[in-house]
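# A look at the structure
Listed here are the chains, written in short residue letters.
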Amino acid sequence: MSAPEINDTTIKQSIIAKLPTNNSKRILASGVREVLTEEVDWVKQSLDDTIDYAKKVLVEAAQVAISTPTETPQKINLKNEVIKMCGDSTVEQGGSANMIALSTGLRKPGMPFADIKGIVNLGGSGFTLNGFLNNAGNPAFVGPSEGSSTWDYNLKKPVGAVPLADALKVEGNIWMLCYGINDCILNAAVGNLSQAEISDYIAERLIQAVTRIRVANPEAIIIFRIPNPMTARPWTGTYPSSTQYPTFGQDLAADQALVEKWNQGLRNGYLIAYRALSRTILFDTWEKVFGVSDTTKLATTELPLLGDMVHPNTDGQVSMLTEFALLLNPYAKGEVSRRYNAEKTASARGGNAADYYSGYYNDNQYYEQVLDANLVSSGVGHIDLGVSQAQWNQLVPNGVRAYVEVIGVVAYSLPANYTANVHSASVTRLLNVIPPAVMQGTTGRCRIYVDRVNTIRTKLPSSPYLMGRITAANPRKYFRGTVTNGNSGFLDITFNNDGGRGTSRYLKNMGIDNYRKLVLEIGGNIQAPLSLSGATFFMNGTAANRVLRITKTGEYASYIGAEVLLYVDDNTPDPAGFEVERPGRGVCEMLTGAKGRVVLPTAYSTGIASITAAPTVQVPSAITLEVYRYVYPTGRGTSLGTITIAANAASGSLASIPSNIGAQFVAEGELFEFVVTSGTSGYPDELLRLTVNPVI
């Protein structure tokens, strides 16, 4: 029997006929294998390379299938799970000491990885996706083990690549895959393909890798980490390979175009595989960490998260691992089903995830609800909300992205150029908007959201040095900030506005009372603690934008821009209680010669605002008092001044506050005495209320 006549069309028709007829069904890896197996006998009789073509057709079919999102993981049980991080040098470098310190922090109670058994680093410098898929395993392979000094369950790893054949021998159901950069930069046969061909090359091998993983472990969950975007300069001659690309480095525009092609080809290849396969999660490092590809910018300076034109630096690695933890956290809580489907649909069809799920912003870790209001009306070009403009502006400041959810109906992302205007005393009109058709003419309850600076993300320092210090010191309270000014004898720190941040007034108080022990760690290029011995603390700036100024002998200009960490040791009581500054109060009789005393219940960080006396009942005659301050060891000082309560007046105050207590720190427990120099005897059952008020 002669071989059947075949061509591109007959092969494609034969294969597609055996795929699931409903594109909403996932393209099963086993199905892919079965289709190829059935075709191989008769195809090989005519054309040896038909298999390669058939694989390419399958990738095309996968691209067709993305019009409907595939099955999604509803919940991931991270308890006692091992996460296997497979990839090239961008993964292997995640095993540095700084990253190990960060991983340790993320595994503490209350953090995203608190319940996992471990994170295994299976990255290999120079390793390709093709090598990961096809290289033979080592019969003598000995993988990581808990507590190992060389290859453990907390990112520590010896140098060397790990092919899929050996990675399958390591325990764990959660796989992170990040390959493809080396396929392009070290192999011109791949790197010189068109962008579409690079995407097909990547997608085909990712699908094959997942097929093999699922055969060995049908319950495996795959996380596709899109490789970080590369740039074209500075080029050192190492990568891309000067052997494979002998003219690279000679024409900047050509180099930028080549690297851009690689970046887009890699990204699209991952998107094709992600859309085609079930139980996959996309970790889009472009969106979450690095931003979109821009090969015209320089690594390290204009692209501060890249250490060179290919590899993330330590800050980039820190950001990736932190975002990776945040990505998995909702899956561990089972909060992702409809939201995940919306994201996958948006990825396939375009638009925003909220277009496909009206509750997308609700209980989403990246958005924070700030308002609950009535939708009064909505039409072409406007949205009217039952909230005053003053309240809107307070909770949704100008320039902050905002999102509107009409509960159970639709969600809408407001354009960046929308404006909030007064429509009436109780209605704010949003203009420069184009609400969805389903929203126009609708009324109902609305939730308003803004972008959230995630608590977990912002409370972790971005500096690996500082992350290591937190891990080592394990303080229960710490504050992150940045040195915003510094010179001879002083440095100014502006603290981040994340959850639990104390005011600069409060931080100043902690520094002044020596029993409240403070440690100040400096990141950036300094990477060392700054001794606070002999330092003084001040608030520098307006009340709305206070900055903590530390004065201390030394030169601090080089500290500007450095991230800092201020924390208290475990011998100190919870410092939150010291932020409160309450008035000191006391009483005395109205009789001439009567004395009353006030003990300050808290420290007054910026001094005393006023000292007053008020009768409990209106009296027809004037009353005068002298006010004294007791200072150890000299005792009662000279009079601070006289308070006069005029006849029938409700109160009287010290005319002026001496500078030594009016604008300077006054310690908790300070004692003030009030002596009535001219009183009245007609009110034996009434008293004078004595008050010392702090500057607020």
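Above this text sits the structure in question.
Residues numbered from 1 in each chain as written. Predicted model: local features only at pLDDT ≥ 70, side-chain atom pairs only at ≥ 80, totals over all residues. Heavy atoms only, no water.

Before going further, it helps to spend a moment on the sheet that holds strand S24 (residues 652–653). Spatially, four strands are ordered S19-S26-S21-S24 in an open sheet, and the strand pairing comes out antiparallel. Two strands lie at the open edges of the sheet, namely strand S19 (584–589) and S24, each paired on one side alone. Pairing of S19 with strand S26 (residues 687–694) involves six bridges; the strand directions are antiparallel. Bridge assignment links Val-587 to a residue of S26, and that residue is Arg-689. (Pairing = 2+ DSSP bridges. Helix = DSSP H or I, 4+ residues; strand = E, 2+ residues; numbered from the N terminus.)

Between helix H10 (residues 195–216) and helix H11 (residues 252–276), the least distance of the axes is 7 Å, while the angle of their chain directions is 40°. On the basis of the axis angle, H10 is oblique to H11. Helix-helix and strand crossings are classified by hand; for H10 and H11 the assignment is right-handed. Contact residues: Gln-195, Ile-198, Ser-199, Asp-200, Ile-202, Ala-203, Leu-206 and Ile-207 in H10; Lys-261, Trp-262, Gln-264, Gly-265, Leu-266, Asn-268, Gly-269, Tyr-270, Ile-272 and Ala-273 in H11. Residues belonging to the contact of H10 with H11 are distributed by class as follows: ten nonpolar, six polar and two charged. (Axes fitted to C-alpha atoms, helices over the stretch in contact; angles between N-to-C directions. Parallel < 35°, antiparallel > 145°, perpendicular 65-115°, else oblique. Left-handed = near helix turned anticlockwise from the far one by under 90°. Contact = heavy atoms within 4.5 Å. Nonpolar A, V, L, I, M, F, W, Y, C, P; charged D, E, K, R; others polar.)

According to the stated counting rule, one finds 16 salt bridges in the structure shown. The partner of Arg-447 in a salt bridge is Glu-405, with the nearest N and O atoms 3.1 Å apart. One end of the pair, Arg-447, is in strand S12 (residues 444–451); the other, Glu-405, is in strand S8 (residues 402–406), and 42 residues separate them in sequence. Three or more residues are tied together by salt bridges with common partners; here these are Lys-117, Glu-146 and Glu-171. (Salt bridge = Lys/Arg side-chain N within 4 Å of Asp/Glu carboxyl O.)

Moving on, we come to the nonpolar core. Core analysis: the biggest nonpolar cluster contains 52 residues, and Phe-132, Trp-175, Phe-224 and Trp-262 have the highest contact counts within it. Dropping the residues within four chain positions of it, Trp-175 is found in contact with Lys-84, Cys-86, Phe-132, Leu-164, Ala-167, Leu-168, Ile-213, Ala-220, Ile-221, Ile-222 and Ile-223. Core analysis: the second largest hydrophobic core is formed by 27 residues, Ile-76, Leu-106, Ile-119 and Leu-321 among them. (Core = buried A, V, L, I, M, F, W, Y, C linked by side-chain atoms within 4.5 Å. Buried < 20%, exposed > 50% of the residue type's maximum accessible area, 1.4 Å probe, protein only.)

Tyr-239 connects to Pro-240 through a cis peptide bond whose omega is 0°. Positionally, Pro-240 belongs in the loop between strand S4 (221–225) and H11. The omega torsion across Tyr-632 and Pro-633 is 5°, close enough to zero to call that bond cis. Position of Pro-633 among the secondary structure elements: in the loop between strand S22 (623–631) and strand S23 (635–645). Within the chain, Leu-155 stands out as a residue other than glycine whose phi angle is a positive 80°. With respect to the element layout, Leu-155 can be found in the loop between helix H6 (129–134) and helix H7 (164–167). Since its relative accessible area comes to 3%, Leu-155 is described here as buried.

A word on the environment of Ser-388. Relative to the assigned elements, Ser-388 resides in the loop between strand S7 (381–385) and helix H15 (389–395). Along the sequence, Ser-388 and Ala-425 sit 37 residues apart, while their C-alpha atoms lie 6.0 Å from each other. When near neighbours in sequence (up to four residues on either side) are disregarded, Ser-388 contacts Ala-425, Ser-426 and Thr-428.

Ordered in space as S2-S1-S3-S4-S5, the five strands form an open sheet in which the pairing is parallel. Strands with a single pairing partner mark the edges of an open sheet, and in this sheet they are strand S2 (118–123) and strand S5 (280–283). The sheet shows a mean angle of 20° between the axes of neighbouring strands, direction not considered. The sheet contact formed by strand S1 (residues 82–87) and strand S3 (residues 174–178) spans five bridges and is parallel.

This part covers the pairing of S4. Buried residues dominate S4, accounting for five of its five residues. Burial along S4 is two-sided: the residues Ile-221, Ile-223 and Arg-225 and Ile-222 and Phe-224 are all buried. Two strands pair when backbone bridges link them, and S3 and S4 are joined in this way by four bridges, in the parallel orientation. Note that in S4 the partner of Met-176 across the bridge is Ile-223.

Taking 1.5 Å of rise per residue, the 25 residues of H11 would be expected to cover 36 Å, and the 36 Å separating its terminal C-alpha atoms lies within 8% of that figure. Of all 25 residues making up H11, 18 are buried, and the element is well covered by its neighbours. For H11, the N-terminal capping position is held by Asp-251, with its side-chain oxygen 3.2 Å away from the main-chain nitrogen of Ala-253. (Expected span 1.5 Å × (residues − 1). Polar contact = N/O pair within 3.5 Å; in protein donor to acceptor, adjacent residues only side chain to side chain.)

Further remarks concern empty space enclosed by the protein. With the rule as written, the count across this model stands at two cavities of 30 Å³ or more. One number sums up the size of the largest cavity: a volume of about 80 Å³. For the largest cavity, the full set of lining residues is Met-85, Thr-90, Val-91, Gly-94, Met-99, Leu-155, Arg-225, Phe-283, Gln-317, Met-320, Leu-321 and Phe-324. If you list the elements that add at least two residues to the lining of the largest cavity, you get helix H4 (89–92) and helix H13 (314–333). No other element matches the four residues that H13 contributes to the lining of the largest cavity. Considered class by class, the residues forming the lining of the largest cavity number eight nonpolar, three polar and one charged. (1 Å grid on protein atoms, 1.4 Å probe; cavity = no way out; pocket = protein on both sides within 12 Å on 5 of 7 lines; lining within 4 Å. Points joined across faces, edges and corners; volume = space filled by probe spheres on them.)

Turning to the side chain of Lys-84, a few remarks are in order. One can find Lys-84 in strand S1. Despite its burial, Lys-84 remains without a salt bridge, the nearest opposite charge being carried by Glu-81 at 8.1 Å. A polar contact of 2.7 Å, which involves the side chain of Lys-84, links it to the backbone oxygen of Val-170. For Lys-84, the contacting residues outside a window of four places in its chain are Val-120, Leu-122, Ala-167, Leu-168, Val-170, Glu-171, Gly-172, Ile-174, Trp-175 and Met-176. (Lys, Arg positive; Asp, Glu negative; His and termini not counted.)

Here S2 lies mainly inside the structure; six of its six residues are buried. Pairing of S1 with S2 involves six bridges; the strand directions are parallel. Along S2, the bridge assignment pairs Gly-87 with Gly-123.

All quantities given are derived from atomic positions and should not be read as evidence of function.
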